[in-house]
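# Survey of secondary and tertiary structure
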Amino acid sequence: MSSAQSVIGSDKITGRPASVAHLFLSRVEATPDAEAYRFPVPVDEHAADGAPGAEQWRSLTWAQTAVRVKNVAAGLMALGIRSEDRVAIASSTRIEWILADLGNMCAGAATTTVYPSTNAEETAFILANSGSRAVFAENAGQLAKVVAQREQLPELTRVILFDAPADPPAADGLELLTLAELEERGAAYLKEQPEAVDQAVAALDPEQLATLIYTSGTTGRPKGVRLVHDCWAYEGVAQAECGLLRPDDVQFMWLPLSHVFGKTLISGQIATGHVMAVDGRVDRIIHNLPVVKPTIMASAPRIFEKVYNGIAGKARAEGGAKYKIFLWAAKVARQYARAAQESRVATGKESVPFVLGLQHSIADKLVYAKIRAAFGGRMRGSVSGSAALAPEIGYFFLGAGVPVLEGYGLTETSAGSAVNPTEDVRVGTVGLPLPGTEARIAEDGEILLRGPGVMRGYHELPEQTEEVLEPDGWFHTGDIGELDKDGYLRITDRKKDMFKTSGGKYVAPSEVEGKFKAICPFVSNILVIGNGRNYCTALISLDETVIMPWAADRGLSGKSYAEVVTSPEVRTLINGFVQRLNGELQRWQTIKKFTVLPRDLDIEHGELTPSLKIKRPVVEQTYADAVQEMYAGANEA
């Protein structure tokens, strides 16, 4: 068997229940009084110990969670929701999202996830395409999207509000009720039929539809990914079995639960029974970390890049000795992490040269301890997914004692397909396949996956399903990669994103982009262009929180962000980093010209997906004039 056909991983995992609903009820029975969830609530402004805007964290035990989940499930039954009926959730990450999702599953319904940032038109498409009969809406803003597209949603008859507006809009044909009212109906329903929820869970089949998650997609309409109960039950057991999540963990959940990455971690949390602190407000992450003191957290690479840039920017602003100490400590962290990793790979044991170890100890007292404290002081690992993390960023955090556990998966594989183990992190890889998942590399370099987490198809799109899912269960990921001798998986690029220059040379843009992010602490996003061209160029946006203080120190205070990033001073600054980048690249990969964009890329302009992936065609079209100018006069033959 050739290496291109070698299969890594196991196709079997034993002991998983029929569904996460089964797993949940078993968890409640096993540890009813243990803490399950923490979540912030406003403190009554009239309370003696409170003040307007103040918050405190409250908890739910597993038994308390079960009461609310069963009431939600029974409430849905009272509304006429039946097996595999779709019930959508359009909300940010909060405890109510989890209660609604578990309630859906325990009622036998299937959850349709909707990003709260999705516009009204696309929200209507998702609700209509899925055939959703009801929707949990976070607030008046989400309700307004449904009302605005009411004519497109004949099957949708009910909206359950987490935060009810004081004056809800008129909604012909829609019954509006609050989550509390739904739970009251459920409690009344259970008085008459006390076994209703338990019976609904017992009747669940592993192959029954549990969730429809619509791929945010970088092109075209989103596709509904059909994930059955067995997908989530498998994910829960696999995350526990590989040690990614542990019973004594405290996990901080802020990721969008509408995204498969966030949702799959709910399954793992139920399987292990650890505590999950839930607050999806991104602007509260830095504040929450020392309060929650998590041992594990999941994030997207962009967050780690911003944290690193923020640390570097603060050190630069302090100047003098402090900045020099930071630069030295960052270098030592990377050298230490590389040496330790190389030792583990070569000998199975971790060792570093004596002098480097001594330097690392000094840097730990001066710099790394403060970084760990900012993460809460107990972080044993932070899982990163949805896009590639620049290796230099990974080595820095690993050396500083906050290991970033890169993982890999897609919406179509219930997210969790591979992850780095905490005891043997290998920066630059996405780790080992989860127990029960198989991986192999096709002849053309594409990564293929097979296992219980793989979707059962795209919703009502049989032709598109056949394009990616083989009859024997192998799923074509569209990613290019390789497996090393120990089974660690490395992602090279998206198959569709790789391009060939007019000189016939292949370029993996994410590799170049990752290198630049590791070199330049001011970058927010970068898009490398060059398909069919005779050289590569780049569109670059800068991180406002880092570039503006730098600009103020150089006489540019009072200028707007757009004025700063298009100034000659910033042009010179970024050019220096581009030249450093080019020194690490093959000739055909080098960036000959670049444009600094007048604003950052964002979701609102359709340039980023909700999981912060760049929509390359959209960005290239938006800045087509800038791209054309970078190639003006070039010989494209």
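Residues numbered from 1 in each chain as written. Predicted model: local features only at pLDDT ≥ 70, side-chain atom pairs only at ≥ 80, totals over all residues. Heavy atoms only, no water.

## Topic: the overall build of the chain
- The helix and strand inventory of the chain stands at 21 helices and 26 strands.
- Computed over its C-alpha atoms, the radius of gyration of the chain comes to 25 Å, within 12% of the 26 Å expected for a compact globule of 637 residues.
- The dimensions of the chain, computed from C-alpha atoms along their principal axes, are 75 × 60 × 60 Å.
- Taken over 637 residues, the chain has a buried fraction of 56%. (Helix = DSSP H or I, 4+ residues; strand = E, 2+ residues; numbered from the N terminus. Rg over C-alpha atoms; globule rule 2.2 N^0.38 Å. Buried < 20%, exposed > 50% of the residue type's maximum accessible area, 1.4 Å probe, protein only.)

## With respect to the sheet that holds strand S1 (residues 7-9)
- Spatially, 5 strands are ordered S1-S18-S19-S20-S21 in an open sheet, and the strand pairing comes out antiparallel. Since the sheet does not close on itself, it has two edges, and those belong to S1 and strand S21 (489-494), each with one partner. Strand after strand, the sheet turns through a mean of 45 degrees between neighbouring axes, direction not considered. (Pairing = 2+ DSSP bridges. Axes fitted to C-alpha atoms, helices over the stretch in contact; angles between N-to-C directions.)

## Here's the deal with the side chain of glutamine 589
- Mapping glutamine 589 onto the fold places it in the loop between helix H19 (568-582) and strand S26 (591-596).
- Given the relative accessible area of 9%, glutamine 589 is considered buried.
- Setting aside chain neighbours within four positions, we find glutamine 589 in contact with Glu511, Val512 and Cys536. (Contact = heavy atoms within 4.5 Å.)

## Details of the sheet that holds strand S5 (residues 110-114)
- Taken in spatial order, the 7 strands make up an open sheet running S8-S7-S6-S4-S5-S9-S10, and their pairing is mixed. Looking at the sheet topology across the chains shown, the edges are occupied by strand S8 (175-178) and strand S10 (224-228). Each adjacent strand pair in this sheet contributes to an overall mean axis angle of 20 degrees, direction not counted.
- Taken together, the 5 bridges between strand S9 (residues 209-214) and S10 define a ladder with antiparallel strand orientation. Looking at S10, one finds that isoleucine 213 is bridged to valine 225.

## Comments concerning the pairing of strand S15 (residues 404-408)
- Burial analysis of S15 places 5 of its 5 residues in the buried class, which makes it a mostly covered element.
- What you see with S15 is no split at all: Val404, Glu406 and Tyr408 on one side and Leu405 and Gly407 on the other are buried throughout.
- Note that strand S14 (residues 381-384) and S15 share 3 bridges and pair parallel. Residue serine 382 lies in a different strand from S15, and its bridge partner there is valine 404.
- With respect to chirality, the unit in which S14 leads through helix H14 (residues 391-399) into the neighbouring parallel S15 is right-handed.
- Pairing of S15 with strand S16 (residues 418-419), which is carried by 2 bridges, proceeds in the antiparallel orientation. By the bridge assignment for S16, glycine 407 is matched with valine 419. (Right-handed = clockwise from strand over helix to strand, strands pointing away.)

## Structural notes on the packing of helix H11 (residues 301-318) against helix H17 (residues 544-552)
- Between H11 and H17, the shortest axis-to-axis distance is 9 Å and the interhelical angle comes to 15 degrees. The angle between H11 and H17 places the two elements in the roughly parallel class. Here H11 and H17 pass one another in a crossing that is left-handed. Judged by residue contacts, Lys306, Asn309, Gly310 and Arg316 of H11 engage Thr545, Val546 and Trp550 from H17. (Parallel < 35°, antiparallel > 145°, perpendicular 65-115°, else oblique. Left-handed = near helix turned anticlockwise from the far one by under 90°.)

## Digging into the nonpolar core
- Ranked by internal contacts, the top residues of the largest apolar core, which has 134 residues, are Phe24, Tyr37, Leu102, Phe136, Leu182, Ile270 and Phe397.
- Sequence-distant contacts of phenylalanine 397, that is, excluding residues within four places in its chain, are made with Phe304, Val307, Tyr308, Phe375, Val402, Pro403 and Val404.
- Of all hydrophobic cores here, the second largest spans 32 residues; its members include Phe499, Ile526, Leu556 and Phe594. (Core = buried A, V, L, I, M, F, W, Y, C linked by side-chain atoms within 4.5 Å.)

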